[in-house]
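# Fold and geometry: a report
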Amino acid sequence: MTQHSKRASSEASEEARRFAALGAPPTAWAAPGARPPRGPVGKDPWARFGWLMAVIWLVFLVYPVIALLRSEAPLAWIVVGWIALVTFVVLYVTGFMHGMRGGGGLGRPPSTRQWVTFAILIVCALVSVPAEGGSALSFLPFVMSFASYGLTRVWHWITTIAAMTVAALCVFLLPGGLSYLSVLAIIGLLGVVNTVTTWLIIRSAEAEQLGLELATSEGREAVARDVHDLIGHSLTVVGLKAQLVRRLMDSDPERAKAELADIERLTAEAIAGVRSSVAGARATTLVEQLASSRDSLRAADIDLRVDGEPAALSPVQAITASWILREATTNALRHSEARTVRVLLAPGRLVVEDDGVGMKDGASDDSGNGIRGMRERAAEAGAGFMIAAAREAEGSGTRVEVTW
């Protein structure tokens, strides 16, 4: 997978999550070229109030409302119709809110609550028929969308086919059914839109998972290569020195002792290097790294301030962000003399900034303080990397920024 494809799959996954959060029917945002707004998680109104889109589409239930107001059915059925309508609206909106918070659907097993909600929505639509007549068909698009985005792919097809069949039978077989031909057209269009949109969402989620697995695999291969090179070099040198010691033991004991001391030193360095590499290979999440960085900085009387949420980055981006944050934390502890470190997390962006003494002479190149490693890791992830003075006018502080 190329760097461009990694970046594209990450952006597609972010867009897909926002599509799923919009509720349904989704015809407005499914139009060609339409994109939901983007912004930091936790502060983005679409991430917090995406369920409002489900409420906006409820305006189409005005037809059942008008039918109830004009209904000539017995009073008991009219009362039942109003209760069913209110119950339908409440369950539809809360069902989508529950799904956005992890209730299942679109590749995740639906919760029991989602299944119960779906069943009650159907019951509400059915008991509305005596009072509303053909206007009860207006419930079908909402039932279809709930199945498409809140249940499984199989139930998407079952509900879509059943809704189109019921609507077609009502339009072509019932007296005066042609007046509901527009409802049949909407149901058919929505079936196509839901099918295509949910397919794209699932595919983009699969692409993100593949990117995550690839990034993890590449990281492990890099660590394995580093450990192999380190052990290979160290053992080669240790073997040669051991042969030399064996020859010198009788003729030059003092030099043999010096060589043994070198063997001991090389062995200790190799062990430390392996431990460091293995520690770097551990799959630390961005949340865990933030906690680790906070503890490390606190021990040095450095305050860590975090703006944004780790979820602002995709899982693939979070792997690179976690590694770079660890390196930036190490640099701040060793070289910055800072009192405060600030971390900014936003979609496609990580910034680590301190108020320390700034970069030493020569530190701006790729030669020391882990800068080369951070730059290479960002490049491997298809991200841009920048390091500069946090306050350029004063030449103080250090700012590390990674953007996807």
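Below you will find a few notes about this structure. This structure is a prediction, so every number in the text was calculated from the model and none was measured.

### Description of the overall build of the chain
- A count of helical and extended segments in the chain gives 14 helices and five strands.
- When each of the 404 residues of the chain is scored for burial, the buried share is 42%.
- Pairs at least 24 residues apart make up 69% of the contacts formed inside the chain by residues separated by at least 6 positions.
- Element-wise, carbon and sulfur atoms account for 63% of the exposed surface of the chain, whose accessible area totals about 21300 Å².

### Things to note about the sheet that holds strand β5 (residues 396-403)
- In spatial order, the strands read β1-β2-β3-β5-β4; together these five strands make up an open sheet with mixed pairing. Each end of this open sheet is capped by a strand with a single partner; those strands are β1 (303-307) and β4 (384-391). On average, adjacent strands in this sheet sit at an angle of 15 degrees to one another, irrespective of strand direction.
- Two strands pair when backbone bridges link them, and strand β3 (residues 349-354) and β5 are joined in this way by six bridges, in the antiparallel orientation. Paired with E353 across the strands is R399, a residue of β5.
- Against the sheet, helix α13 (residues 315-336) makes contact with β2 (340-346), β3 and β5, and its axis sits at roughly 5 degrees relative to β3, the strand it touches most.

### Description of the layout of surface pockets
- What the second largest pocket holds in volume is close to 360 Å³.
- Along the walls of the second largest pocket sit 18 residues, with A125, L126, L137, L140 and V166 positioned nearest its centre.
- Taken together, the elements giving at least two residues each to the lining of the second largest pocket come down to α6 (112-127), α8 (140-150) and α9 (153-173).
- If one sorts the elements of the lining of the second largest pocket by residue count, α9 sits on top with six residues.

### Brief notes about the packing of helix α12 (residues 286-299) against α13
- α13 packs onto α12 with a crossing angle of 5 degrees between their chain directions and a minimal axis gap of 9 Å. Judged by the inter-axis angle, α12 sits roughly parallel to α13. Each of L286, Q289, L290, S293, S296 and L297 in α12 lies in contact with α13, whose residues at this interface are A318, A321, S322, L325, R326, T329, A332 and L333.
- For the contact of α12 with α13, the residue count by class is eight nonpolar, five polar and one charged.

### What to know about helix α14 (residues 371-380)
- Taken as a whole, α14 has its buried residues at I371, M374 and A378. Down the axis of α14, the sector holding all buried residues measures 65 degrees, keeping them to one side.
- A positive backbone phi angle near 70 degrees is found at G382, which sits one or two residues after α14.

### Structural notes on a nonpolar patch on the surface
- On the surface, V59, F60, V62, Y63 and I66 cluster together into a nonpolar patch covering about 430 Å² of accessible area.
- Relative to the assigned elements, F60 resides in the loop between α3 (52-57) and α4 (62-70).
- F60 gets classed as partly exposed once you look at its relative accessible area, which sits at 37%.

### Some remarks on the packing of aromatic side chains
- Under the counting rule described, the total for this entry stands at seven aromatic pairs.
- Arranged with centres 4.7 Å apart and planes meeting at 65 degrees, the rings of F88 and F139 form a pair that is edge-to-face. You can see F88 sitting in helix α5 (residues 75-103) and its partner F139 sitting in the loop between α7 (129-132) and α8, a full 51 residues away along the chain. The same class applies to F88 and to F139, which are both buried.
- A centroid spacing of 5.8 Å and a plane angle of 75 degrees characterise the contact between W115 and W155, whose relative ring orientation is edge-to-face. Taken together, the residues span a long stretch of sequence, with W115 in helix α6 and W155 in helix α9 at a distance of 40 residues.
- The exposure class of W115 is partly exposed, given its relative accessible area of 31%.
- For W155, a relative accessible area of 33% corresponds to the partly exposed category.

### Some details on the pattern of salt bridges
- Counted under the stated rule, the structure contains eight salt bridges.
- Between D262 and K241 there is a salt bridge whose closest N-O contact spans 3.5 Å. In this pair, D262 sits in helix α11 (residues 253-281) while K241 sits in helix α10 (residues 181-251), placing the two residues 21 residues apart along the sequence.
- You can call D262 partly exposed: its relative accessible area is 24%.
- Residue classification places K241 among the buried positions, given a relative accessible area of 17%.

### Observations concerning the side chain of S71
- The residue S71 is located in the loop between α4 and α5 in this model.
- The class of S71 is buried, set by a relative accessible area of 17%.

### Some thoughts on unusual backbone geometry
- A positive phi is found at D301, a non-glycine position, where the angle reads about 60 degrees.
- Tracing the chain through its elements places D301 in the loop between α12 and β1.
- With a relative accessible area of 55%, D301 lands in the exposed category.
- Backbone geometry places E337, a non-glycine residue, at a positive phi of 55 degrees.
- Among the secondary structure elements, E337 is positioned in the loop between α13 and β2.
- With relative accessibility at 64%, the residue E337 sits in the exposed group.

### Some words on the environment of G134
- Relative to the helices and strands, G134 is located in the loop between α7 and α8.
- In the structure, G134 is positioned 71 residues away from Y63 in sequence and 9.8 Å away in space, judged by C-alpha atoms.

Conventions adopted
Residues numbered from 1 in each chain as written. Predicted model: local features only at pLDDT ≥ 70, side-chain atom pairs only at ≥ 80, totals over all residues. Heavy atoms only, no water. Helix = DSSP H or I, 4+ residues; strand = E, 2+ residues; numbered from the N terminus. Buried < 20%, exposed > 50% of the residue type's maximum accessible area, 1.4 Å probe, protein only. Contact = heavy atoms within 4.5 Å. Areas by Shrake-Rupley, 256 points an atom, 1.4 Å probe, with all protein chains shown as cover. Pairing = 2+ DSSP bridges. Axes fitted to C-alpha atoms, helices over the stretch in contact; angles between N-to-C directions. 1 Å grid on protein atoms, 1.4 Å probe; cavity = no way out; pocket = protein on both sides within 12 Å on 5 of 7 lines; lining within 4 Å. Points joined across faces, edges and corners; volume = space filled by probe spheres on them. Parallel < 35°, antiparallel > 145°, perpendicular 65-115°, else oblique. Nonpolar A, V, L, I, M, F, W, Y, C, P; charged D, E, K, R; others polar. Arc of directions from axis to C-beta. Patch = residues over 30% accessible without salt bridge, like charges linked within 9 Å, V, L, I, M, F, W, Y side chains within 5 Å. Salt bridge = Lys/Arg side-chain N within 4 Å of Asp/Glu carboxyl O. Phe/Tyr/Trp six-rings, centres within 6.5 Å; stacked < 30°, edge-to-face > 60°.

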